[in-house]
Amino acid sequence: EDFRVPEVLRIPVDSLVLRLRALGISEITDFPLPSRPPSDALKEAESSLEVIGAIDSNKGELTAVGYQLAEIPIAPRLGKLILESWKGGCEGFGVRIAAALSVGNLMDRSAPNSTGDEKARGAGRSHAVFHHKLSEPLGLL
């Protein structure tokens, strides 16, 4: 039978670790998750949260930034981008960049098949309006 992948395995592990830490659960490896991410992934998530300043590497506790990031319902690295852009007074750009990075490649499309798929050609024409002479990401700004 087909079962959906549990949400705990679908969300980024760093988001899971951050939210559990914000709830006061410091030993995530001992927490009884019904579907446990690999322990290497949990350690890597802790490390990435230290890099962005969400966890104090000396104390192993959430920082003020960590608590702020736990309130933002996006990946911690993107939340950090938004917080830093807000501090710099360019939050409009930060939010746009975070939004663009939070989704997959919207411009990705299959090549027309051998029968000359009209939908694929139409998609190419529709995506052409987003073309920017320097790059597509710059077109977002």
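Residues numbered from 1 in each chain as written. Predicted model: local features only at pLDDT ≥ 70, side-chain atom pairs only at ≥ 80, totals over all residues. Heavy atoms only, no water.

For any part of a model where pLDDT is low, the fine detail of the predicted coordinates should not be relied upon. Across the chain, pLDDT averages 81, with 79% of residues at or above 70. Within the chain, no element has a lower average pLDDT than helix H8 (residues 136–140), which sits at 56, and none a higher one than helix H4 (residues 64–71), at 96. (pLDDT = per-residue confidence, 0-100. Helix = DSSP H or I, 4+ residues; strand = E, 2+ residues; numbered from the N terminus.)

Residues Phe 93, Ile 97 and Leu 101 make up a contiguous nonpolar surface patch of about 260 Å² in total accessible area. One can find Ile 97 in helix H6 (residues 91–101). (Patch = residues over 30% accessible without salt bridge, like charges linked within 9 Å, V, L, I, M, F, W, Y side chains within 5 Å. Areas by Shrake-Rupley, 256 points an atom, 1.4 Å probe, with all protein chains shown as cover. Salt bridge = Lys/Arg side-chain N within 4 Å of Asp/Glu carboxyl O.)

Glancing now at the environment of Gly 60. Its location among the elements puts Gly 60 in the loop between helix H3 (39–51) and H4. Separated by 14 residues in sequence, Gly 60 and Glu 46 have C-alpha atoms that sit 9.1 Å apart. Those residues in contact with Gly 60 that sit more than four places away from it in its chain are Arg 21 and Ile 55. (Contact = heavy atoms within 4.5 Å.)

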